[in-house]
Every structure is written in C-alpha cells, then in structure tokens.
Amino acid sequence: MRNISPVWKGLLLLVIAGAIGYGIGLGLDALISGALNTSGPVGAAFAILFAVTAFFFGIYGYRGITRGLVYQVVGTLLGALLITGIRALMGLDNIFGVYLFSEPAWVVGALVGVVSFLFGVGVVHDWVQWSRGIDTPEHHADEPGWEKYFGVSLDHKVIGIQYTITALVLIAIGGTFAMIFRTELAASQLQFLTTELRLFNQTGPQIYNTLMSLHGIIMIISILLGISGIMNYAVPFLVGAQDMAFPRLNAFAYWVSVPASVLMLLSLVLGGFDTGWTGYPPLSARAPVGMQMFFLGVFTAGWSSILGSLNVIATVVRLRAKGMSAMRLPILVWASVATSIIALTATQLIGLSFQLVMFQRLFGMPFFDAARGGNPVLFQHLFWFYSHPAVYVFVLPGLGVISELLPVFVRKPLFGYRWVAMSSLGIALVGFTVWAHHMFTSGMNEYLRVPFMYSTLLVAVPTGVKFFSWVATMWGGKIETPTPMLFVLGAIIVFLMGGLTGPPNAAIALDLHLHDTYWVVGHFHDTIFGGFVFPFFAAIYYWFPKATGRRMNEFWGKVHFWMMTPSFFVLTLGMMLIGLRGMRRRIVDYDPALGFDFAQLIMTIGGYLIALSVLIFIINLFHSIKHGEKAEGNLWNSRSPEWQVPSPMPVHNYDVPFEVVGEPYDYGLKDSKYVEFSPNGQKHIEFTTEPEVQPHRH
Amino acid sequence: MRRHFIIVGILVIVMSVLIYIGLDSAGLMPVVASAQAVDVDWMWNLEVIAMSFLFALIVAPLTYSLIVFRRRKGDTTDAEHMEGNTRLEIAWTIVPLFIVMAYAYLGAINLAATQRVDPQAMVVRVTGLQWDWTFEYPSVNGVTVVSKELHLPVGQQVLFRMTSNDVIHSFWVPEFRLKQDVVPGRITELRITPTLEGSYKVRCAELCGTSHAFMENPVIISSQEEFDAWFDVALDEAVTASQTPEGRGQALVSANGCAACHSINGAPGIGPTWFGLIGRTEELTDGSTVVVDEAYVHESISAPQAKIVAGFENQLMPTYSFTEEQIADIIAYITTLR
Amino acid sequence: MGTMVHTHDNKSMLSQGILIFIYLAILTALEFFVAITFNSVVLLVVVALVKAALVIYYYMHVYKLNLESEVDDASYDFKAGTNRLGLWLFLISDAFVFAGLMVVRINLLGLSRPELNQTLGLAVTTVLLVSSFFMNRGETLMRNGDRQGFLKNIALTFILGLGFLLGVVLVEWRLAIHEGITPSGSTAGAAFFMMTGMHAFHVFTGLILLAIVWINGRRGLYDVKSYPVEAAAVYWHFVDVVWIFFYPALYLIGTAVH
Ligand code: HEA
Ligand code: HEA
Ligand code: CUA
Ligand SMILES: [Cu+2]
C-alpha cells in the first residue's frame, strides 16, 4: 500500500467505498420499500457520498477536506433521520416518501450536511474560539507542498489555487455531461436516452433534461469559482496587500463551495430535475427531489460568491499600497471591484427566488402557483434580476485579464486606461437595469418591453469602449504571441462574436423568433468562452510561473489553442445556424424533417475536440508543476509588481513593501517605474504567530 | 502610419461586404409564412449588416496589427509610448451611443409593425398542456370545434388567446417567427397573419418537462375554401359526438390532452395505458393492489395523487376541475377501450 | 435638529440617543395615526424613510465609514475600520433579500394587506424600537468605560429582543393562523409568514450576537475601544431598520383583506 501514489490509492478507495455505499443504499431502500431497485436513487446517492469521501481519504487521510466530507455525510443522515423521526411522531403518512427519505428529510439533511462540513473541515474553528473569548494566532502556518491545498489555508494564493482547481474539476464534470447529451443529439431520434431507459428513477428524456440542466449550472458555478480563483490569487498582490482583508472569511467562502458541489451531484441521482438551470416554476414546483438539491446547491454556492466579493471590495478599499490611487490601479482590480459589486448584491435575489420555490414545495406557500393567486412571472423577475447581472460577473474579470495582459505582450500602454477602467463600472451598473430582456416572450406587462430594449442596448457602449481600446493598444505595438497572448487574442474575437449576437436578442420582435432557440445557446457559449474560458486559460498560462516557478509547456499550450479555437467556432456557429432555422433549446430530440442531422453531427465532433484539447491542457498543467521549464524571474518582462519579486511568491507576498510611483502600463517610456520597493511603502498588516490581545470580529 | 490606416480602412470595407454577402446568401431564416415574418426578417437583415460591419471593424485592424506590427526577431525594445487620445475615446463612446439608440428606436417601430391589429381577426383559443396543444375555434350554435391540429385560412389575421393548464409552454411556429409563452393563470395573446399555404408545426419552445421535445402539433395553412370545408366536417363531428356520453368523454379527453400521457392501445407512456383499464389489477406504490373499477377511475381523475400506480412515482398527473357529469362521460369513454 | 451633528463626546451621545428615540416614537405614532385615518401610502413611505435615515445615521453611525485612519495598518483602529466596512458591505447585501421580499409583497398583494391584529403589531414594533434605544445606550456606555451599565443595557436589549421574537413567532403567528391566515392558504398568508419569518431569523441571529457580546463583556474582554460591541449594535439596528419598512408594509398600507 505504501508504494502506490496517493491518487491511485484514492481511486481504489473510491471504487470500493462506492460499491459499499451502493450496497448499503440498496439494502436500506429494499428494507423500506420492499423492492430491490438497482437503478434507483438511494443506492446511487449513498454510492456518491461514500465514494467522494473515500477518494479524499485515500489521497489525503482523515483531516481537512476528508473530515469535512465525513461530517457532511453523517450530518446529512442525522438531519434526515431527525425529520423522518419527527414526521413519524406527528403521524404523517408516507414517512418515507418515494425514496428512502421524504422530501423535507432530504432538504433538512442536506442543510445540516453543509453546516457539518464547515465544522468538519475546520473553517469556523477560529470564529467559534473568538466568540468564546479565546484568542487564536492571526495566521496559521500552512503545510508544505501540495498537502496544504486539501485543508484550510488562510493564504490568498493557496485559496486562489484551490478555487481554480475546483473550477477545473467542475468544468470537467459539466463538460463530460455535455459530451453525453451532445452524443445523443448527434443524430435525430432517441439513440441511448430512450423512453425505456430507467436510471435513478428517470427515463431517457428525463436524464437528458437533468444532464442538460446540470451542465448549465455546474458550468456557471465553475465560472464563479474560476473568477474567484483569479481575483483571490491576483488582487492582493496587485494592490500590494499581504493577504485579503478577511482571510478567514476568504477560506470560508471557498469551502462552502465544496459541499455545494456535492449537493449538485446528489441532485443528479435523487430523481434529477428537468427545468434547465433557470428553474422556472410551476415546473420546478413539481419536479422530483433533485430540484431541492439543485436549489440548495446554488444557494450554498451563492454564499461563496457573496462573501468572496465582499472580501475583494474590502481588500481594494483598505489595503492598497501607498500611492496606489484610483487611476493607478491595475485594470484587473477595477474589473474585480465592478464584478464584486454585482455579486455582493444581486446574488441574494437568486437565493431568494429559489428559496421561495423551496418553501412553496415544502409548506405549500403559493407564491408562484397561479391557481391560488400566485404569479409565475414574478419568479422570472427575481431570478433574472440576479442572473442577468451575473453574466457580467462572468465576463468582467475575464475582460480585465485581457486588458491586463495585452499591454505586456504588445509592449505598449493600454490605450485610454481611464475609459477602460470606467467601462467596467459602466457595464456593471447598466447591467442592473436590463434583466427583463430574458422575458420578452414571458407575458410580462407589455409596457416594460421597450424600455428594457433600450437599456440592454446601452451595454454595448461601454463594451465597445473596451474593444476599441484593445484594437488601439495593438495598433503600432511590437506584438509577441506566446500561449497566454494567443488565448487573449482568441478571447477578443470570440467575445466579439458573442457580444455582436447580443443586440439581435435585444431587438424585441426579433427576439420573439430567437428566444429559447440554439441561436441563444450559441450567443452565450460565445460570450462565456470569450469572456471567461479563454481569458481563464490565458490567466493560468500567464500566472502559472508565478505560482510554481516553472512555466507550462509552450508546444502543448499552442496545441491546446489551435485545437480548441476552430472546434469551438464549428460548435457555436453551428448552434446559431440551426437555432435560426428552428432548433429549440432543451430538447432531447429534434424533428428529422428539419434536416439538422449533419450539422448536429459536426457540432458533436467539435465538442469532442474541445474536450480533448481541455484534457491536453489539464495534463500539461499537472505535468508542468514538476517537470516544466524553470522560470523564476520576470518571465514576461512585465511592469506589474508581482513580477518584480522571485517566483514562487513568498508566503506574505512582498518582504519589502512597495510604493506606487508611476503609471501601471507605461511600456516604452524610458526610465519610468510603476512601483518602488522600500519600507517607505509600509501599508500592510504585521503578521504575528503569537496570540496577542486580539480584536474579535463578527 | 497613414498608409496603414488606408489599407485597414479598405480591408474593413471589403471584409464587411464579404461577410454580409456570405451570411445573406446562406439563407439563415426559415421560409416566410406570415406577414409578421416579413417585419422580423427586415430587422434581421439590419442586424446582419450591423454585425458584419462591426465584426470587420474590430477583426480587420486586429489581424492587420498582428501581422504588420509583430515583433521582429532580435528586437527587444518596447513599442512607441502612446497612452491614449481623448478625442478618439469620446468619439468611440458617443458614436456607438447614437447607433444603439437609433437601433432601439427602429426596434420599437419594428415591434409595433408586428403587432398591427385587424379588428376582423378570427379568435382561436389555444391551450398548452403537458405535452400537447389544443385549439378551440369560435363556437357555432353552442357547439365548439376543438382540434389538435391548427387549421388556418391564408391571408386572414388570427388572434390566439392562449393559456396553460399546468406549466409554462411557448407557442412557436418558426415560419411565423413570433413566439409567445403560454402561462398558467393568465391569457397571453399573439396575432399572426398566415401568408403561405403549406403545412408547418407549432413547436413548444419553453422547457415543460419530460416530453417537451415532442410537444409539436401540425399547423395547416390552406385557402379559405379548404379551411371552410375542414371546419364544416369538424363541426359535424363535434355535433354528433356531443350526443353520446362516450362521444362527450372523448371530446373532453382530447380537449384536456390526456393522450399526452395515456395511450389507448396499450403502448407504454408517461402514465398507465387506458387500454383494458377497467377490471385490470394495478399495483400501487404502497405495495397494495387494486382492481380498477369506476370508483377508482373517478378518484384517479378527481384526486390523482391519492393512489399512485407503481412505476409512476416520478410523474405527476395534473389535477383537473371536471364536473361530475364530465367525469362520468370520461369514464364512459374509457370503458369503451378494451 | 440643526445642532445634531455627529459627535464623539460621550455625554452628548447619550442624550442624542434619547432624542433620536423620541423622534422615532413620535414618527411611529404618526405612522399609526396616518394608517387609521386617511391612509396615504406616500406619507407612510416618507415616514419610514425618515425613521430609517435617523437610525442609520445616529444609531448605526454610518458616518464612521468615513473616518480617516492615516495611522499604521497594524493598529487597532485600522483593523476596526476594515471590519466596519466588511460589516456594512454584508448589510448592503442582506438588504437585497429584504428588498426582494418587499417586491414579492407588492407584486402579489398590491394595496391590500392581511388582516392582522393591530394592537399586537404596534406592541411588538414598540418593543423592538425600545430595544434599539437600550442597545444604543449600552454601546455608548461601553465607549464611556462603564462596563456595568453596558451589561445592564445589553441584557435589557436582549430581553426586549426576545420579547419581540416570541411576540411575533408565538403570539402573532398563532393568532394569524387562528384567523385563517396560513402559509399555504393564500398569497397574503405566504407573504406574511415569509417576511416575518425571514426577519425573525435575523432577530434570532442578532440575539445570539448579543448573548456572545454580553458573556464576553462580563468576562471583561472589552474596553473603551471594542469593535465587537459596535458590530453587534450595528447589526441589531439593521434588523430594526428592516422592521421599520416591514411594519407598515404588513400592518398599515392599503386595505386589509381576509
Ligand atoms: C457571459 C455572458 C454574457 C454576456 C457578456 C452577454 C452579453 C449580452 N447579451 Fe446575453 N446571454 C447570456 C450571457 C451573456 N450575454 C446568457 C447565458 C444568456 C441565456 C440565458 C438562458 O436563457 O439560459 C443570454 C441571453 C441573452 C438574451 C435573452 C435571449 C433570449 O433568451 O431570448 C438577450 C436579449 O437581449 C441578451 C443580450 C445581450 C446583450 C445585448 C449583451 C451585450 O452585453 C453585448 C455587448 C457587446 C457588443 C455589442 C459587442 C462589442 C461592441 C462594439 C464593437 C461596439 C459597437 C456596437 C454596437 C454599436 C452595437 N443575452
Ligand atoms: C462555462 C460555461 C459553459 C461551458 C464551458 C460549456 C461548454 C459546452 N457546452 Fe454548454 N451550456 C452552458 C454553459 C457552458 N457550456 C449553459 C449555461 C447552458 C444552458 C443550460 C440550460 O439550458 O439550462 C448550456 C447548454 C448547452 C447546450 C444546449 C443544451 C440544450 O439546450 O438542450 C449544448 C448543446 O450542444 C451545450 C454544449 C456544450 C459543449 C459541447 C461544450 C464543450 O465546450 C464542453 C467541452 C468539454 C469539457 C470542457 C470537458 C473536458 C474535460 C475532460 C473530459 C477531462 C476529464 C478528465 C479529468 C477529470 C482530468 N451546452
Ligand atoms: Cu410545452 Cu415545452
Ligand atoms: Cu441577459
């Protein structure tokens, strides 16, 4: 046992524990319902819970994340049993419902599970101590090596990497789901998701709907974690801080996303849900229990977003280096602040909208039940009040990365810095006023439509400012094209396509044709890839040397780019084409008479090639950690402060604080400096490891 | 520099024209089968022009810079320092601002054009249900024609007044362009003037559960004479059917879309088949069994969640509000299925 | 009110607290009067806004966000400033939940409201208002260095807060259900239980914070500069501000329907 690598040990345990969990689940299920349902939800739910936990046990042992997961499993069962018991005492019939547990039992179980996870993993430990009047050291030393990533760390760089890796894992899961349903779509008629199929109590078409919905939401959560990764990793050292303003809150925000991801996986097996990521009632009020797991998962992940953005704003406001005035902030910091303003406030509304549906299901509160005076369209307003601004949460950090990296590789200042900085805020603020453009067909009040068209189109103006500035930055530069720059260029073109396909949706009458077709699917894969996926890859290739002291393999990086970009165009141009010609969204099968078979097949192949290129990227990433070419200095010849110190970065970023003495992007100006390292720049927290008389923060 | 600007200017123009011609000749939209589609396509064409131009406006100089301003081998110096140009920046804020406002204005006009009202329009009541459409025509002498197929005469405006029995659906005929959600608890309206004879499909465009993909019903646009002929036959059938309980039951079943879930020939479906239902022994989720009689069927219809047949736990049958006579009619109809 | 600028002088802060309380009481009475006489929605909204502004400025000292701390980053004042900003950001975020609930209420009920017990409504509102007064006193006394006074006032706040919570959850909910206003019965019932429930949940967490502050205060953990005391106070007043809007929304505006 000692000689095998932890990963293999983890995988081995995953299989064994999965099988054991499956057996236990089956047994319990059979005991209660009297029938053996091998493809039912209970066995699968137990298998997932056991397998995930055992996997981390195998690679990491019983601490950190493993302990969290064990607590979550136990908490879930205890919570569920508690409610089951209460219902039994109250004499409610149908105690066990359709599954092992009734819906209320699963909901409470899941909630208790999440809270237990947080206690188990240990992120709330210090707060509990403080509330008991006991002091704790301000900073805890991390374990050396890779092991620090599996437990609670307070270092923003570690947390940033934790976020990034979690985001990649979720992209892989959500992408795999996409591959499954894309395979079904490759030809008309039902191929393998047939109506006879029964898996987790779902028929083929239901499985399709569940996978499609989970693809959407898992990808969206992975974006939220991905941007948190970028922001957490980069913002503190870009502004010259030693850490985020609230390191514990930061760790907390990361760790809630882990139980949230587990809930998402549970929703797949607990009957699934067939509403898409938008979860509109009344459909979501009748969907199986998986719906509740989806709601709770999003709700929990939402807290990650809210608390993370709170931290970003506080860090930028309070912990900037000396001399870093508003107009000398790196552009990515501006973008992060704009993003955080949205995430901090609007996220509450998606939480509320989902909570109301949860309560409608649990307590029969008729918020969205038209038969009892409720209003289904109200849900859509609440939902989109978050979910539209959320799309700018997805892209603003990505666009920030583009603006941040472009000057480095063009060797020329960012053209019109002020306007670019302000355009992020502009997009964020105007973005709050446009949500109803998703509801042009919804039957909402007629007079709302035209004003929302105007406000929607207004967003094109600040977005255009960015594009024109990028073009002007490149004009007359001396352009280098290593891998990060390739992804920046890809991002610009792909996002342009996504952006330009936005105004057609905003023109109401035209949207009445486009709405809920693959045209819209094409539109948002373009904006999301251009605004998030490409910049995310660019950021990883760019800052990887900062984190590890080695660079990623250039050759495989270029293969990744040149494989992903064309296949991506095939996929999304295909989407838009068939969408215009009548392909609805969210359908498991399409009319062969429409003649889409060939296009669909090509798109599926494109999808597979994207997946392959991402796989290459993942292998390159992990391989380069140990075997990459050494790169400890200022690899990209950047002016940014983090590149002026050796890589990997010291624990508390800068041993000597810096003072800002010039403009951030003055490439090509002789003898100009952005930052100067001297004790003079002192504006940072002293870290002590000794307990001191310490403030209690609540 | 001047030379560069001129070349790029030409490139932008050439590229936008080429993209526009390409997109235009690709025939991206389905055939035009309604007056409203003409307006929508006009707007679409405007969009295509704008998209072609703006795409070229960004991509042409970008690609040009990438080639012409690439770093030469051995050059380690930075580019010429150039921070910005306020006048240029104001221009590229103000000009797009005007463009989008003009564009939104055109959008509003365009919307109004698609909503022109013909007071003579024929009113068809549309009901969306999981997972079927029903269409109700204006009644003649108290008898209403209810159809699963949408038959319409060419050239006459129809006003659809739509509602849903269960969840949200969306009425969409791609060849007509406009779509409108069908929402429980409210009536939404859509006006269409068919202009091209032929058969199409109304496709439900809002995810409405398991069989959303299959919620497609035929739409037949024909000349006024053909439409009248169809309507007369349908009316006769409706009159005859309304005379017997089975007939009324069958009409009710058809109007309420039960067939979306229940087959009448023994084929498996979302719900149990009705073939040979009376007298059959059903196993329930609580493990017990029942022999189906009229009382049980009555309960299944009036309180669907009271007893659930094993194997259908994950499907919810909607609750309907039928009168006692109506239920009796439905039972009479179901009894004939054996 | 012209003389009432924000002040750090402890004596005048105490008397300022009393003055603000009197203003709030008068405004609440006015609100109630408006509701039972000519029920003007505009006026009710204006009164609520004025009340909220008073609480936010004088009880929650929003101006402290502007305190310039040129001092060293490692200092207590600097950290307290950062914590203060964090708390306010959190409250802004939280306010969106309540704003959302308000939108739900307005959308579903419009100018009607559930028929609730007016006396009880006024009573719990008063209790919460008085608790805020003691909270303010407690906080100011601590800054004055008077630990005993601080403890006494926090305890009073806690008891009143508990009274409010029980008044709503045990008495009011029960009465409502008795009157036929149930969570599942109608949208009015649903909105009522959702709004009061969410608010009660915040009161509950506020009570936990108060308990922690009280226990730690008794242990002598706080001195003149104690940010946790301020934090608990700001949170408590925030819950108050929410009720300033919810009370008229549920009890006063429009006509009662059954
Ligand atoms: C990452 C995210 C992202 C971004 C950035 C955008 C950006 C925009 N989106 Fe998109 N959108 C989504 C993600 C995104 N969207 C998603 C996920 C959905 C579907 C959700 C679902 O239903 O599941 C959606 C759906 C959606 C709809 C609803 C469609 C429907 O369902 O019927 C609409 C309607 O107006 C819309 C419009 C726009 C507009 C106008 C922009 C603008 O911000 C674009 C602005 C950019 C440009 C215009 C290009 C650059 C500008 C210039 C070069 C300047 C000159 C330009 C002009 C003068 C026009 N989007
Ligand atoms: C980040 C956002 C994101 C991303 C990256 C993607 C990526 C992809 N998306 Fe998706 N998509 C959405 C967000 C996203 N999507 C959303 C929000 C919806 C709407 C859902 C709804 O309607 O509710 C949607 C819907 C959607 C549909 C419409 C479904 C329908 O309406 O019925 C389709 C159809 O083709 C599709 C396809 C794809 C494909 C082929 C990819 C490909 O790019 C995927 C490529 C594959 C991967 C990236 C994984 C590769 C990695 C591995 C295989 C490695 C595994 C190994 C290890 C663990 C080491 N997506
Ligand atoms: Cu009905 Cu989709
Ligand atoms: Cu939007």
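Per chain, residue numbering runs from 1 following the sequence as it is written. For naming, the first written chain is A and the first written ligand is 1, with later ones following in the order written. Only residues with pLDDT of 70 or above have their local features reported here, since the model is predicted, and side-chain atom pairs are shown and tallied only from 80 upward, although totals for entire chains, interfaces and linings are computed over all residues. To get the side-chain values, all heavy atoms of the structure are used, and hydrogens and water are removed first.

Visitor: Help me understand the overall build of chain B in this model?
Guide: Helices and strands together make up the secondary structure of chain B, namely seven helices and twelve strands. Principal axes of the C-alpha set define a box for chain B whose edges measure 90 × 55 × 30 Å. Between buried and exposed lies partly exposed: a residue is buried under 20% and exposed over 50% of the maximum accessible area for its type, with that area taken using a 1.4 Å probe on protein chains only. Out of the 338 residues in chain B, the part that is buried amounts to 47%. Any two residues whose heavy atoms approach within 4.5 Å are treated as being in contact. Excluding contacts between residues fewer than 6 apart, the proportion of contacts in chain B whose partners are at least 24 apart in sequence is 66%. Put simply, chain B shows about 15900 Å² of open surface, and 61% of that area lies on carbon and sulfur atoms. Numbering goes from the N terminus for both helices and strands, where a helix is a DSSP run of H or I of at least four residues and a strand is a run of E of at least two. For the accessible areas, the method is Shrake-Rupley and the probe is 1.4 Å, while residue cover comes only from the protein chains on display.

Visitor: I'm lost on the overall build of chain A in this one. Help?
Guide: Looking only at helices and strands, chain A has 21 helices and four strands in total. A principal-axis box enclosing the C-alpha atoms of chain A has dimensions of 80 × 60 × 50 Å. Out of the 698 residues in chain A, the part that is buried amounts to 67%. Partitioning the intrachain contacts of chain A with sequence separation of at least 6 by distance along the chain shows that 78% fall at a separation of at least 24. Summed over all atoms, the accessible surface of chain A reaches about 21900 Å², with 69% contributed by carbon and sulfur. Think of it this way: Lys and Arg go in the positive column, Asp and Glu in the negative one, and His and the chain ends go nowhere. To locate a charge, take NZ of a lysine, CZ of an arginine, CG of an aspartate or CD of a glutamate. Distance from the positive charge centre (39 side chains) to the negative charge centre (37 side chains) of chain A: 3 Å.

Visitor: Quick question: what am I supposed to make of the site of ligand 2 here?
Guide: Residue and element names in this part refer to chain A. Around ligand 2 lies a shell of 30 residues, among which R182, Y208, H215, H525 and R586 are the nearest. Here a polar contact is recorded for every N or O atom pair within 3.5 Å, except that within protein the pair must consist of a potential hydrogen donor and a potential acceptor, and residues adjacent in sequence are included only if both atoms are side-chain atoms. Separating an oxygen atom of ligand 2 from a side-chain N or O atom of R182 is a distance of 2.5 Å. For ligand 2, a nitrogen atom lies 2.8 Å from a polar atom in the side chain of H215. Secondary structure elements with two or more residues in the shell around ligand 2: helix 6 (156–185), helix 7 (204–239), helix 19 (518–548), helix 20 (554–580) and helix 21 (597–627). In terms of residue count, the dominant contributor to the shell around ligand 2 is helix 7 (seven residues). By the convention adopted, Pro, Cys, Tyr, Trp, Phe, Met, Ile, Leu, Val and Ala count as nonpolar, Lys, Arg, Asp and Glu as charged, and the other residues, Gly among them, as polar. Of the residues assigned to the shell around ligand 2, the class counts are 22 nonpolar, five polar and three charged. Here a residue is near a molecule or strand as soon as one of its heavy atoms is found within 4 Å of it.

Visitor: I tried to follow the confidence of the model for chain B on my own but got confused; where do I start?
Guide: Summary statistics for chain B give a mean pLDDT of 87 and a share of 99% for residues scoring 70 or more. The predictor's confidence in any single residue is recorded as pLDDT, a number from 0 to 100. Of all the helices and strands in chain B, helix 5 (residues 245–256) of chain B carries the lowest mean pLDDT, 81, while strand 6 (residues 169–172) of chain B carries the highest, 94.

Visitor: Would you mind going over unusual backbone geometry with me for this structure?
Guide: Peptide bonds are mostly trans, and most non-glycine residues show a negative phi. For the bond running from S647(A) to P648(A), omega is -15°, close enough to zero to count as cis. Inspection of the secondary structure assignment puts P648(A) in the loop between strand 2 (629–630) and strand 3 (658–660). Residue W131(B) is bonded to the preceding Q130(B) through a cis peptide linkage, with omega at 0°. Structurally, the position occupied by W131(B) is in the loop between strand 1 (122–129) and strand 2 (132–136). Phi is positive for Q189(A), which is not a glycine, with a value near 75°.

Visitor: Can you walk me through the pairing of strand 6 of chain B in this structure?
Guide: On any regular strand, side chains alternate: one points to one face of the sheet, the next to the other face. Residue and element names in this part refer to chain B. Neither face of strand 6 is open: one carries H169 and F171, the other S170 and W172, and all of them are buried. Here the rule is simple: two strands pair whenever DSSP picks up at least two bridges between them. As paired strands, strand 6 and strand 7 (residues 179–182) are joined by four bridges and run antiparallel to one another. Each residue of the ladder has a partner; that of F171, found in strand 7, is Q180. Linking strand 6 back to strand 7 in an antiparallel pair, the connection comprises six residues, with R177 at a positive phi of about 80°. Bridging between strand 6 and strand 9 (residues 198–204) involves two bridges; their strand directions are antiparallel. Across the sheet, W172 pairs through a bridge with R203, a residue of strand 9.

Visitor: For this particular structure, what's the right way to read the interface of chain B and chain A?
Guide: Think of interface size as the accessible area that goes away when the parts come together; that is how it is often given. Taken residue by residue, the interface counts 88 residues in chain B and 100 residues in chain A. Here the buried area means the combined drop in accessible surface, using a 1.4 Å probe, for two parts upon being joined, counting both sides. The contact between chain B and chain A buries some 8100 Å² in all, and 67% of this surface belongs to carbon and sulfur atoms. The salt bridge criterion pairs a side-chain nitrogen of Lys or Arg with a carboxyl oxygen of Asp or Glu, the two atoms within 4 Å. Here R584(A) makes a salt bridge to E216(B), at a shortest N to O gap of 3.0 Å. Our count for the chain B to chain A interface comes out at 26 residue pairs in polar contact (both at pLDDT 80 or more). Elements that contribute at least two residues to the side of chain B that touches chain A include exactly helix 1 (2–25), helix 2 (35–68), helix 3 (86–114), strand 7 and strand 9 of chain B. No other element matches helix 3 of chain B, which puts 17 residues into the side of chain B that touches chain A. Residue composition of the side of chain B that touches chain A, by class: 49 nonpolar, 21 polar and 18 charged.

Visitor: Just checking my understanding: could you explain the coordination of the iron atom of ligand 1 for this structure?
Guide: Tetrahedral coordination by four donors sets the ideal angle at the metal to 109.5 degrees; octahedral coordination by six donors sets it to 90 or 180 degrees. All names here are of chain A. Only N, O and S atoms count as donors, using a 2.8 Å cut-off from the metal and 3.2 Å for Na, K and Ca, and because water is excluded some sites may appear unfinished. For the iron atom of ligand 1, the sole protein-derived donor is H523 (NE2), lying 2.2 Å away. Separation of the iron atom of ligand 1 from the copper ion (ligand 4) amounts to 4.5 Å. In this fold, H523 is placed in helix 19.

Visitor: Just to check I follow, could you spell out the site of ligand 1 for this structure?
Guide: Not every one of the 32 residues close to ligand 1 is listed here, only the nearest: Y392(A), D511(A), H515(A), H523(A) and R585(A). At ligand 1, the nearby residues belong to more than one chain, namely chains A and B. One of the side-chain nitrogen or oxygen atoms of H437(A) is found 3.5 Å away from an oxygen atom of ligand 1. Between D511(A) and ligand 1, the recorded distance is 2.6 Å, taken from a side-chain N or O atom to an oxygen atom. Within the residue set of the shell around ligand 1, elements represented by two or more residues are helix 12 (376–410), helix 15 (460–474), helix 16 (483–500), helix 17 (502–506) and helix 19 of chain A together with helix 3 of chain B. Counted by class, the shell around ligand 1 contains 19 nonpolar, eleven polar and two charged residues.

Visitor: What's the story with the sheet that holds strand 8 (residues 188–192) of chain B in this structure? I'm lost.
Guide: Backbone-to-backbone hydrogen bonds join strands into a sheet, with any given pair of strands oriented parallel or antiparallel. Residue and element names in this part refer to chain B. Here five strands make up an open sheet; going across it, the order is 3-2-1-5-8 and the pairing mixed. Since the sheet does not close on itself, it has two edges, and those belong to strand 3 (146–147) and strand 8, each with one partner. Pairing of strand 1 with strand 5 (residues 158–164), which is carried by seven bridges, proceeds in the parallel orientation. Residue M122 lies in a different strand from strand 5, and its bridge partner there is V158.

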